[in-house]
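An overview of the molecular structure
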Amino acid sequence: MSKSLNLYMETGSFPSTAKYCQVIGKLYEVEQNIEKALINFERAADLFQNEKLSTFIANDCKQKVAHFSAQLEQYSREIAMNEDLAKQSLNKNLSKSSVKGYLLNAGLCQLFKADAAAVSNALEHYEELDPTFPGTHEYKFLATAFREMPLSSRRIR
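1. Topic: the side chain of Asn-82
With respect to the helices and strands, Asn-82 occurs in helix 5 (residues 75–89). In this structure, Asn-82 is in contact with Ala-66, Tyr-102, Asn-105 and Ala-106, ignoring residues within four places of it in sequence.

2. Description of the packing of helix 3 (residues 34–50) against helix 4 (residues 55–71)
When two helices pack together, you describe them by how their axes are tilted relative to each other and by the distance separating the axes. Orientation of helix 3 relative to helix 4, taken along the N-to-C sense of each, is 150°, at an axis distance of 8 Å. Taken together, helix 3 and helix 4 sit at an angle that is classed as roughly antiparallel. At the point where helix 3 passes helix 4, the crossing takes the left-handed sense. Two secondary-structure elements touch here, helix 3 through Ile-34, Ala-37, Leu-38, Phe-41, Glu-42, Ala-44, Ala-45, Phe-48 and Gln-49 and helix 4 through Ile-57, Ala-58, Cys-61, Lys-62, Lys-64, Val-65, Phe-68, Ser-69 and Gln-71. Of the residues that constitute the contact of helix 3 with helix 4, the class distribution is 12 nonpolar, 3 polar and 3 charged.

3. Structural notes on helix 8 (residues 137–147)
Within helix 8, the full set of buried residues consists of Glu-138, Tyr-139, Leu-142, Ala-143 and Phe-146. Projected onto a plane normal to the axis of helix 8, the buried residues spread over an arc of 130° and lie on a single side. Pointing more than 90 degrees away from the buried face of helix 8 are the exposed residues His-137 and Arg-147. Residues of helix 8 that are buried make contact with helix 6 (99–113) and helix 7 (116–129).

4. What to know about the environment of Val-30
Relative to the helices and strands, Val-30 is located in helix 2 (residues 14–30). According to the relative accessible area criterion, Val-30 is exposed, its value standing at 68%. Distance in space between the C-alpha atoms of Val-30 and Lys-64 is 13 Å, their sequence separation being 34 residues.

5. Points about the packing of aromatic side chains
Under the counting rule described, the total for this entry stands at 4 aromatic pairs. Through pairs of rings, three or more aromatic residues link up here, namely Tyr-126, Phe-133 and Tyr-139.

6. A short note on the side chain of Glu-83
Counting through the fold element by element, Glu-83 comes out in helix 5. Of the side chains bearing the opposite charge, Lys-87 lies closest to the buried Glu-83, which forms no salt bridge; the N-O distance is 5.4 Å.

Rules used throughout
Residues numbered from 1 in each chain as written. Predicted model: local features only at pLDDT ≥ 70, side-chain atom pairs only at ≥ 80, totals over all residues. Heavy atoms only, no water. Helix = DSSP H or I, 4+ residues; strand = E, 2+ residues; numbered from the N terminus. Contact = heavy atoms within 4.5 Å. Axes fitted to C-alpha atoms, helices over the stretch in contact; angles between N-to-C directions. Parallel < 35°, antiparallel > 145°, perpendicular 65-115°, else oblique. Left-handed = near helix turned anticlockwise from the far one by under 90°. Nonpolar A, V, L, I, M, F, W, Y, C, P; charged D, E, K, R; others polar. Buried < 20%, exposed > 50% of the residue type's maximum accessible area, 1.4 Å probe, protein only. Arc of directions from axis to C-beta. Phe/Tyr/Trp six-rings, centres within 6.5 Å; stacked < 30°, edge-to-face > 60°. Lys, Arg positive; Asp, Glu negative; His and termini not counted. Salt bridge = Lys/Arg side-chain N within 4 Å of Asp/Glu carboxyl O.

Here it is in structure tokens:
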């Protein structure tokens, strides 16, 4: 499949390349090779998005990248991916309900980083991004978790 992928890339057949990257990512996911799965899903997401092939599939691949990034403790990458997905979803009726989940996932990774200033800034940013977010259970959970975080586990800059 990798050889086919390279041939499609060389010939400029980006739709096929994107699909192959996604399939290869799924195969690595089944094998529990998270690093290689992440690389292939990220490549697929970029191709689907850049070639304007399918926003839905690109976002599905981005969700996988965010998930695998969190598993690999690459929290900054996961945060950026989920915040990007939230921004994209805000103006789309079909995906608007997903925004709170994306922001929750990003907020959880902020908590894992245990950086009080970053968590506080993130919560403020999420309020600005989606004014309805502070009224959600997800926001209340993040705010409560932040307030209840032991001071000893916070790294305040």
